[in-house]
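Structural overview for review
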Amino acid sequence: MFGVLAMPRERLINEDYDYMNVLRSKMSKEMLEKLLRIKDPELHRWIADIIVTTNPDSVYLITGEEDFDYVRKTALKNKEELPTVYPKHTVHFDGPKDLARDRKNTKILLPGGQKIPYINTLDREEGLTEIKKILPGMMKGKVMFIGFYCFGPKRSPFTMHAVQVTDSAYVAHNENILYRVCYDEFVERAPNLEYARFLHSAGERDDNGWTKNIDKRRIYIDLHDYTVYSVNTQYGGNTIGLKKLMFRLCIYKGYQEGWLCEHMFIAGVKGPGDRITYFTGAFPAGCGKTSTTFTSDTIVGDDLAIIKEVNGIARGVNPEIGMFGIIDGVNPIDDPQLYEMLINPDHEIIFSNVLLTDEGKVWWNGKAEEPRPGINYAGRWWPGKKDESGREIRPSHPNARFTISLRYLKNLDPHVDDPMGVPIGAMVFGGRDPDTWVPVEEAYDWVHGIITKAAALESEKTAAILEKAGVREFNPFAILDFLSVSIGKFIELHLKFAKKLKVVPKIFSVNYFLKDEKGNYLAEKVDKRVWLKWMELRVHNEIGAIKTPTGLIPIYEDLVKLFRKHLDKEYPEWLYEKEFMLRIPQHLAKIERIWSIYEKIPDTPPILFEVLREQKERLKEARNRWGDYVSPFKFDRK
């Protein structure tokens, strides 16, 4: 439990004072009346604490769509966003040192200096003391925005609630697009409404509008009373409270209460007779998650999922109503629907860290034209511009983003706002894997899938984090950066969750990045539509499969039919054999890597090692019989 019902919440000022006078000093009569409609004195005192500590010029409450225009205009006035030739399109730049999630300075605050393997933690008292020293005066000369949001559909048993306080109109603008404003629920349910709290300040900004004091960038998540502090940063992944910061709180609450908060899309795939089967999918950033979402037939969400058991069925909701997506590589051939959404002048869009040309047009890698001189994430840009090391500066950053509402989707699922969500038929796990996993494979069962596909997920790093891209790393459930409980406990939660279910979702792995001996990708981007259609049929046991030592793979003849039906192209036997070959040395090496990681994690469930051991033995038996590399035609059909 958390929030006002759970405990007195952490304050920035541990002394009594006339907080109503403070509120009156910075808030107009209209704004104060809006705040006081929420009958929660503890919230009022927290807001007053922030005012006294950070010293904003004024306070503005976001209570409905009537406030959106003011926020957007303020972002432009402050030059946090820049105009384009299209009035509804704006561009934001974070600055060259603030272009991705900051793993190093994002920390879970735990009492007594507790440690969790693979999770960046900090003693709670130490972290709070530091933040309280950084915050004084940070909002001087700025408007302080307060937003009230739902993390999920309105009036849903799945939904969490949050208050976002920020001095960035850009952050507030993002929140208004990405989440449902639910001030009305705060008014109706206070003081009996639990909610998370987010306090953000971009800090001092330079002449470019970029945060200056990057050395004091801190993102601290206090699990003890569900409050997140984010300072001296503007990048959305560090600042948009209800995005990956709320996600960590959601994971923790789900662990406490026995449900799942996942880094997953939710999408519907059509089967025979226009049947819709709902899939969730977990991929690290830049690994095909968004493109898989858009390859599906209906879309509930592209990034996050809350999954609970309802009458023996796993049901999922998307806590968001917008996308904060990677734009790099989005093009009219591979991503036609998303591309059309992003070039539509009538759609409200925030582009971040792209190229804004002198003509006021937006350019990113994938745009169907050549880049022209303008400004980008590093300042003034022109074709051929190089950095101090002599390397050419890309016009648009690899982690450039777009913020857009899901409401613009032509194939938005009709149940996107359903308070009870949609039934989940399968979970899919994928990453950047050049040499091991086949393009699509079904786990034997839930336990086998959770351990060998979810808990064993590895992927090459991408530009979404401030580290070197291209290095393969361990990323279980595609969620490692966001975990607020140990990996062992997170695995155990999944194993227990399935025991509540009458219908257990199938688990699949996918891999769009398998390469041949020359380093070329074997699959085309569009092929994922066939993998989705095959999985949909497997969920309903309407198509056969081949049993291998690592799972169940498609029968060649079935794929031939699916490629013809859904992509109108041939699927040659030689390609099937290359794509679905069992690469035993790579699989055995992977098991050794995963085993060595989990044996250092004290609360790893023992069954994980049992399942890995069994898989290792099956692989060794296959190698003894057929050698290191085994054609899929060697295995028996199931």
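I will try to describe carefully the structure that is included in this document. (Residues numbered from 1 in each chain as written. Predicted model: local features only at pLDDT ≥ 70, side-chain atom pairs only at ≥ 80, totals over all residues. Heavy atoms only, no water.)

As for the packing of helix 1 (residues 19-26) against helix 2 (residues 29-36)
- Across the interface, helix 1 lies against helix 2 with an axial gap of 8 Å and an inter-helix angle of 135°. Compared by their axis directions, helix 1 and helix 2 come out oblique. Read as a crossing pair, helix 1 and helix 2 show a hand that is right-handed. Residues Met 20, Leu 23 and Arg 24 of helix 1 lie in contact with helix 2, whose contacting residues are Leu 32, Leu 35 and Leu 36.
- Of the residues in the contact of helix 1 with helix 2, the class split is five nonpolar, no polar and one charged. (Axes fitted to C-alpha atoms, helices over the stretch in contact; angles between N-to-C directions. Helix = DSSP H or I, 4+ residues; strand = E, 2+ residues; numbered from the N terminus. Parallel < 35°, antiparallel > 145°, perpendicular 65-115°, else oblique. Left-handed = near helix turned anticlockwise from the far one by under 90°. Contact = heavy atoms within 4.5 Å. Nonpolar A, V, L, I, M, F, W, Y, C, P; charged D, E, K, R; others polar.)

Regarding the packing of aromatic side chains
- According to the stated counting rule, one finds 32 aromatic pairs in the structure shown.
- Summarising the aromatic geometry, the rings of Phe 563 and Tyr 571 are spaced 4.3 Å apart at their centres and angled 5° between planes, so their arrangement reads as stacked. The same class applies to Phe 563 and to Tyr 571, which are both buried.
- The rings of Trp 531, Tyr 556, Phe 563, Tyr 571, Tyr 576, Phe 580 and Phe 633 are connected pair by pair, giving a single aromatic cluster. (Phe/Tyr/Trp six-rings, centres within 6.5 Å; stacked < 30°, edge-to-face > 60°. Buried < 20%, exposed > 50% of the residue type's maximum accessible area, 1.4 Å probe, protein only.)

Points about the sheet that holds strand 2 (residues 82-83)
- One open sheet accounts for five strands, arranged 2-3-19-24-18; its pairing is mixed. Each end of this open sheet is capped by a strand with a single partner; those strands are strand 2 and strand 18 (322-326).
- Relative to strand 24 (residues 401-405), strand 19 (residues 349-352) is paired through four bridges, and the arrangement is antiparallel. Across the sheet, residue Phe 351 finds its bridge partner in strand 24, namely Phe 402.
- Across the sheet, helix 11 (residues 336-343) touches strand 3 (89-92), strand 18, strand 19 and strand 24, and the angle it forms with strand 24 is around 85°. (Pairing = 2+ DSSP bridges.)

Remarks on the sheet that holds strand 23 (residues 379-381)
- Here we have four strands laid out as an open sheet, ordered 21-20-22-23, and antiparallel in their pairing. Looking at which strands have only one partner, the edges of the open sheet turn out to be strand 21 (362-363) and strand 23.
- Where strand 20 (residues 355-357) and strand 21 come together, two bridges link them in antiparallel fashion. Note on strand 21: the bridge partner recorded for Leu 355 is Trp 363.

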